[in-house]
Amino acid sequence: MSFPGAGLAKGLAVTLRTMTKKSITAQYPEVQPDLPPRSRGVIALLEENCTVCMLCARECPDWCIYIDSHKETLPAADPNARARTRNVLDRFAIDFSLCMYCGICIEVCPFDALFWSPEFEYAETDILELTHERDRLREWMWTVPAPPALDPAAEEPKEIATARKAADKLAAAAAAAAAAAVEEKGDAE
C-alpha cells in the first residue's frame, strides 16, 4: 500500500537530486561539440562521379534536388566506330530548407557522387540562401570522413572471391600457353 501523494514525493525527490548536481553546459560557439563518427550534417557532392542519371532527384521525397545538364558528343576513337554522347552536369543544387535529411539520395546514387558530411554550421539569415549550388556542395566534400577500416577477421565477399578465382584461372591458362609456346619453340630448334 502506498500513501496518498507518494508519486508527488518521488517526483520532488528527483527534482531535488537534479537541482543539487552541477549542470554541464557546452559553450557551443567557443567549444565545438564532439560529434559521433559518420554523423549526418549536410550532403556533399563529388562532381566527377556524377553521371547525371537523375536517380537522386527522382527518389527524393521532398523534390529538393535540382539538376540541369546537356548532352555532349564525343568523337569516335576509331574511324569505324560511332560517336558517343554523354551527359554533362550544368547545375546541381540542393534546397536545404526543404530537405528532411533522410539520405535516400545518397543511398540510391549508383556512382557514389553524394556523401554525408559532418558540417552542420551552414545557417543563413534568408531562407532563399539555403539552396546551395554545386560549388558549395563540392567544398563540403573535403570534410567527409574516410570510411571505417575493414575488419581483418571478416569473411571475404563472394564477389571478390569469384573474381579472384576467375583471375587465377586466366593467369594459369596464360602461364600454360606461355609454357607451351616455349616448349614448341624448343622443339622447333
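Up top is the structure.
Think of each chain on its own: its residues are numbered from 1, step by step along the sequence as written. Where totals are concerned, whole chains, interfaces and linings use all residues; where local detail is concerned, this predicted model gives features only for residues with pLDDT of at least 70, and gives and counts side-chain atom pairs only at 80 or more. Hydrogen atoms and water are omitted, and side-chain values are computed over all heavy atoms in the structure.

For helix α4 (residues 134–141), give the residues involved together with the corresponding values.
Exposure categories follow from relative accessible area, calculated using a 1.4 Å probe and restricted to protein chains: below 20% of the type maximum is buried, above 50% is exposed, and the middle band is partly exposed. Counting from the N terminus, the helices are DSSP H or I runs at least four residues long and the strands are E runs at least two residues long. Within the sequence span of α4, burial applies to Leu 137, Arg 138, Trp 140 and Met 141. Looking straight down α4, one finds that the buried residues subtend no more than 160° of arc, so they occupy a single side. When the buried face of α4 is taken as reference, the exposed residues oriented beyond 90 degrees from it are Asp 135 and Glu 139. Directions from the helix axis toward the C-beta atoms define the arc.

Outline the sheet that holds strand β5 (residues 131–132), supporting the account with residue identities and numerical values.
On the basis of which strands lie adjacent, the open sheet formed by 3 strands has the order β2-β3-β5 and antiparallel pairing. Each edge of the sheet is formed by a strand with only one pairing partner; in this case those strands are β2 (65–74) and β5. Note: two strands are recorded as paired if DSSP finds a minimum of 2 bridges between them. Both strand β3 (residues 84–95) and β5 contribute to a ladder of 2 bridges, which runs antiparallel. Bridge assignment links Asp 95 to a residue of β5, and that residue is Thr 131. By the convention used here, residues are in contact when the closest approach between their heavy atoms is within 4.5 Å. Inter-axis angles, ranging from 0 to 180 degrees, are taken between N-to-C directions of lines fitted to C-alpha atoms, where helices are fitted over the stretch in contact. Against the sheet, α4 makes contact with β3 and β5, and its axis sits at roughly 85° relative to β3, the strand it touches most.

Can you explain unusual backbone geometry? Please cite residues and give values.
A positive phi angle, close to 55°, is found at Val 52, a residue other than glycine. With respect to the element layout, Val 52 can be found in the loop between β1 (42–45) and α2 (55–59). Note on Val 52: relative accessible area 6%, which makes it buried. A positive phi is found at Asp 112, a non-glycine position, where the angle reads about 50°. Topologically, Asp 112 is positioned in the loop between α3 (104–108) and β4 (114–117). For Asp 112, a relative accessible area of 47% gives the class partly exposed.

I'd like a description of the pattern of salt bridges, backed by residues and values.
The working definition used for a salt bridge is a side-chain nitrogen of Lys or Arg within 4 Å of a carboxyl oxygen of Asp or Glu. Scanning the model with the defined rule gives 6 salt bridges in all. The salt bridge partner of Arg 134 is Glu 47, with a shortest N-O separation of 3.1 Å. Here Arg 134 is found in helix α4, whereas its partner Glu 47 is found in the loop between β1 and α2, with 87 residues between them in sequence. Between Glu 156 and Arg 164 there is a salt bridge whose closest N-O contact spans 2.0 Å. Judged by its relative accessible area of 36%, Glu 156 falls in the partly exposed class.

Let's hear about the packing of aromatic side chains: which residues, and what values?
Centres within 6.5 Å are what make two rings of Phe, Tyr or Trp a pair, Trp counting through its six-membered ring; a difference in plane orientation under 30 degrees is then read as stacked, over 60 as edge-to-face, and the rest as tilted. Counted according to the given criterion, the structure contains 5 aromatic pairs. Here the aromatic rings of Phe 96 and Trp 140 are separated by 6.0 Å at their centres, their planes lie at 80°, and the arrangement is edge-to-face. On the criterion of sequence distance, the pair formed by Phe 96 in the loop between β3 and α3 and Trp 140 in helix α4 is long-range, its members being 44 residues apart. Each member of the pair, Phe 96 together with Trp 140, is buried. Taken together, the ring pairs in this structure connect Phe 96, Tyr 101, Tyr 122 and Trp 140 into an aromatic cluster.

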